[in-house]
Structure formats: structure tokens, C-alpha cells
Amino acid sequence: GENVEQHPSTLSVQEGDSAVIKCTYSDSASNYFPWYKQELGKRPQLIIDIRSNVGEKKDQRIAVTLNKTAKHFSLHITETQPEDSAVYFCAASIGAGGTSYGKLTFGQGTILTVHP
Amino acid sequence: GAVVSQHPSRVICKSGTSVKIECRSLDFQATTMFWYRQFPKQSLMLMATSNEGSKATYEQGVEKDKFLINHASLTLSTLTVTSAHPEDSSFYICSARSPYTDTQYFGPGTRLTVL
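Here we look at the sheet that holds strand β8 (residues 76–81) of chain B
All names here are of chain B.
Then, in step 1: Judged by pairing direction, the sheet is antiparallel, and its four strands sit side by side in the order β1-β3-β8-β7 without closing on themselves. One side of each edge strand has no neighbouring strand; the edge strands of this open sheet are β1 (4–7) and β7 (67–73). Ignoring strand direction, the axes of neighbouring strands in this sheet form an average angle of 15°.
Then, in step 2: Both strand β3 (residues 19–25) and β8 contribute to a ladder of six bridges, which runs antiparallel. Its bridge partner being in β8, Ile21 is matched across the sheet by Leu79.

Here it is as C-alpha cells:
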């Protein structure tokens, strides 16, 4: 099955700096890659996602890049703010068809701390 | 984003009892819902895929007779933890997959404590 590795496990930055979190996946059939933000005791919230037919996607301060050949994707947060502090999870999903359709495999998570 | 509700948010039960957790998709009809388990400071572990009108698909290592899943309608899936033991204590989260975008929207989670 799919395996997703996420690094780093913890990331500490100063307010205003950029933060980058990287993930690799193992199954070349995966074609959907969402990123979730989870605050303590809360539900994971989708912050951005990318599909395999796109190399990069941006939404204000957040961007995601995908390298299908190398099977890795990254989350970039610019101009970080204290409220960006949370746990971030990457995930990979295999495309339509079959019993595994839509099933997400998550990375281990990254604890991001933004210091004021 | 779409709203997925989960009930109860917290439950404490005695060892040996059964606990039912409900997951509702409020904004769209979800043919597929997912159940996850999350231990403190760890990632989400998929337990099973809940398909409306058919049997759930369980992940390897998850006991289907212990974690009963029913997806009786396009907006409701339930997870029943049977004969609960302290090691079943965890944070259980459901998600619903949008049929329009494939995006998964998560419920707020249920904190289960088995005494």
C-alpha cells in the first residue's frame, strides 16, 4: 500500500519567516495530495490540495509544489504568523476506481511553532 | 468548507460496554465516509472505509467485529466500539468525501475514555 513520509517532525520559525514541510510518497498511482492543519483537540482542516496534473498551486500565503517524478510534494507558508502554529499533515490518495478510491494515507505530521 | 458533525464529542464508559459514535454529513450526500483513530501527538490512522448500502472495508489489523460500522444513509455513518477496553481509549474522527470535489471533510472528533 501507499506510504507517506513527512519531514520535519517539528519546525520552529520566527514570525514573518517562511516555513517548508516536505512529504514523499511511494505509490505512483496516487494523484491527489491534500494538506491539513490541525489545532490541539480540533478536527483537521483542509488548507490546500493539489492534483497530479498540476505542478504548483498557491493560495495567498500558502503554496504546494508537486514533483511526480521524484514522488514528493511540499507545503510552503510565507510570512508566517503565530496563528499558523499547529500540526500540519500531508496526505496522498489513489485515484478513482477500486476499493481504495479516496482513501487518504497521512504523513506523520509536523508541529509548526511560530514565535512572535 | 463543508460541515461534518460527530456525536458525541466526549464519552466515558466502563470496560465491557459498547459505545456508538455518529457521523453526519450536513452539506452533501456522502456515499463514502471514513473512520480514523488518532493517538496523542500522532497521525491519523485509517480504520475503515464506510460505503453507503454495502459492507465497510476495514484496514489490516482492525477487528471488524469489534469496530462495527454502519452506513445506513447517504448522510449518516455510525461506528460502534463493542466490548470496550481501556486500550480502545482514543480520539476517533470521521470524514466524508465530497462527491463533487473528492475532498475529505472531517468531523470534530470523539474523545473516548474507557475506564
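Comments concerning the sheet that holds strand β1 (residues 4–7) of chain A
Residue and element names in this part refer to chain A.
Then, in step 1: In spatial order, the strands read β1-β3-β8-β7-β6; together these five strands make up an open sheet with antiparallel pairing. Of all strands in the sheet, those with a lone pairing partner are β1 and β6 (56–59), marking the two edges. Taking the axes of each pair of neighbouring strands and ignoring which way they run, one obtains an average angle of 15° across the sheet.
Then, in step 2: One ladder, built from four bridges, connects β6 with strand β7 (residues 62–67); its direction is antiparallel. Note that in β7 the partner of Asp59 across the bridge is Ile62.

Topic: the interface of chain A and chain B
Then, in step 1: With 18 residues of chain A at the contact, the number on the chain B side is 20 residues.
Then, in step 2: A buried area of about 1600 Å², summed over both sides, lies between chain A and chain B, and 52% of it is on carbon and sulfur atoms.
Then, in step 3: In this assembly, chain A and chain B are joined by one salt bridge.
Then, in step 4: A salt bridge links Glu59 of chain B to Lys103 of chain A, with the nearest nitrogen and oxygen atoms 3.3 Å apart.
Then, in step 5: For the pair chain A and chain B, the interface holds seven residue pairs in polar contact (both at pLDDT 80 or more).
Then, in step 6: Counting only elements with at least two residues in the side of chain A that touches chain B, the list comes to β4 (30–38), β5 (45–51) and β10 (104–106) of chain A.
Then, in step 7: Tallied by class, residues from the side of chain A that touches chain B come to eight nonpolar, five polar and five charged.

About the criteria used
Residues numbered from 1 in each chain as written. Chains lettered and ligands numbered in written order. Predicted model: local features only at pLDDT ≥ 70, side-chain atom pairs only at ≥ 80, totals over all residues. Heavy atoms only, no water. Pairing = 2+ DSSP bridges. Helix = DSSP H or I, 4+ residues; strand = E, 2+ residues; numbered from the N terminus. Axes fitted to C-alpha atoms, helices over the stretch in contact; angles between N-to-C directions. Contact = heavy atoms within 4.5 Å. Buried area = accessible area lost by both parts, 1.4 Å probe. Salt bridge = Lys/Arg side-chain N within 4 Å of Asp/Glu carboxyl O. Polar contact = N/O pair within 3.5 Å; in protein donor to acceptor, adjacent residues only side chain to side chain. Nonpolar A, V, L, I, M, F, W, Y, C, P; charged D, E, K, R; others polar.

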